[in-house]
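# Notes for the structure review
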Amino acid sequence: MKRLFYVLFMILPLSLLSGCGEDDKKAAMVQQAVAIESSDECHLCGMIITNYPGPKGQLYSRGIQGNMKFCSTRDMFAFVVDPENQHNIQQAFVHDMAVTPWGHPEEDTYIDAKKAFYVIGHGKKGAMGPTLASFAKQSDADAFAASEGGRVLTFDEITLDVLVSMNNIQPHSAGTH
């Protein structure tokens, strides 16, 4: 009898742990960018997302059911860099602006935000004014910065200080970084 309890005591917790990993894998498989509907509001500011130009963002966070949609990459990063949120981000998506028009980004052009390259300090406007232009390839980000001005950053280089500084950045002349 002791042996049976010992086996149950050891095996049951291990089987429960393996089930958790499977749930995480299943959740990651269904965490994808979805179409933004005409009535969808920005999770951060409440603005109607489709009313504004520029790249948009979407993300999934632990403890929040479903995905959160943002009217701009800047609003998405304002959520991401908040210390209460940054460690809960599971998956994030942004538009690849190399393959979609600035005025109305297409729904099938979302990319993994954590692998994207971002240009700040350019002259194009997003929903809340200055925004981060997002690209799947560094070469596209570099080309955008060369033609529109600005500098290229990675996901991990975007901090609260970077976002705050965007209000004070004068768009650079094309070709300067």
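Residues numbered from 1 in each chain as written. Predicted model: local features only at pLDDT ≥ 70, side-chain atom pairs only at ≥ 80, totals over all residues. Heavy atoms only, no water.

The next point concerns helix α2 (residues 73-80). The buried fraction of α2 is high, at seven of eight residues. Listed as buried for α2 are Thr73, Arg74, Asp75, Met76, Phe77, Phe79 and Val80. (Buried < 20%, exposed > 50% of the residue type's maximum accessible area, 1.4 Å probe, protein only. Helix = DSSP H or I, 4+ residues; strand = E, 2+ residues; numbered from the N terminus.)

With that settled, the discussion passes to the pattern of salt bridges. With the rule as written, the count across this model stands at one salt bridge. For the salt bridge of aspartate 40 with lysine 69, the shortest nitrogen-to-oxygen distance reads 2.6 Å. Placement of the pair is aspartate 40 in the loop between α1 (2-30) and β1 (57-61) and lysine 69 in strand β2 (residues 68-70), with a sequence separation of 29 residues. (Salt bridge = Lys/Arg side-chain N within 4 Å of Asp/Glu carboxyl O.)

With that out of the way, let us pick up the sheet that holds β2. Ordered in space as β2-β1-β3-β4, the four strands form an open sheet in which the pairing is antiparallel. Two strands close off the open sheet at either side, each with one partner strand: β2 and β4 (110-112). If you compare each strand with its neighbour and ignore which way they point, the axes differ by 25 degrees on average. Pairing between strand β3 (residues 89-95) and β4: three bridges, direction antiparallel. (Pairing = 2+ DSSP bridges. Axes fitted to C-alpha atoms, helices over the stretch in contact; angles between N-to-C directions.)

Quick look at the side chain of serine 72 now. Along the chain, the position of serine 72 falls in the loop between β2 and α2. There is a polar contact of 3.0 Å between the side chain of serine 72 and the backbone nitrogen of aspartate 75. Contacts of serine 72, omitting those with residues within four sequence positions, involve Pro55, Lys56, Gly57, Ala127 and Thr131. (Polar contact = N/O pair within 3.5 Å; in protein donor to acceptor, adjacent residues only side chain to side chain. Contact = heavy atoms within 4.5 Å.)

Both faces of strand β5 (residues 117-120) are covered, namely the face carrying Phe117 and Val119 and the face carrying Tyr118 and Ile120. With three bridges connecting them, β5 and strand β8 (residues 133-135) associate as antiparallel partners. In the strand pairing of β8, tyrosine 118 is matched with serine 134. Bridge analysis of β5 against strand β9 (residues 151-154) gives four bridges, and the strand direction is antiparallel. In the sheet register, tyrosine 118 faces β9, and the bridge partner there is leucine 153.

Turning to its location among the elements, valine 162 is positioned in helix α4 (residues 160-165). As for valine 162 and isoleucine 120, which are separated by 42 residues in sequence, their C-alpha atoms are 8.8 Å apart. Excluding anything up to four places from it in sequence, valine 162 contacts Ile120, Leu153 and Glu157.

This paragraph deals with the packing of aromatic side chains. The description of an aromatic ring pair rests on the distance of the ring centres and on the angle between the ring planes. For the structure shown, the criterion picks out five aromatic pairs. Each ring, one from phenylalanine 77 and one from phenylalanine 155, has its centre 5.2 Å from the other, and the planes form 50 degrees; the classification is tilted. Within this pair, whereas phenylalanine 77 is found in helix α2, its partner phenylalanine 155 is found in the loop between β9 and α4, the two being separated by 78 residues in sequence. Given the relative accessible area of 0%, phenylalanine 77 is considered buried. A centroid spacing of 5.1 Å and a plane angle of 45 degrees characterise the contact between phenylalanine 135 and phenylalanine 144, whose relative ring orientation is tilted. Ring pairs connect the aromatic residues Phe77, Tyr118 and Phe155, which therefore count as one cluster. (Phe/Tyr/Trp six-rings, centres within 6.5 Å; stacked < 30°, edge-to-face > 60°.)

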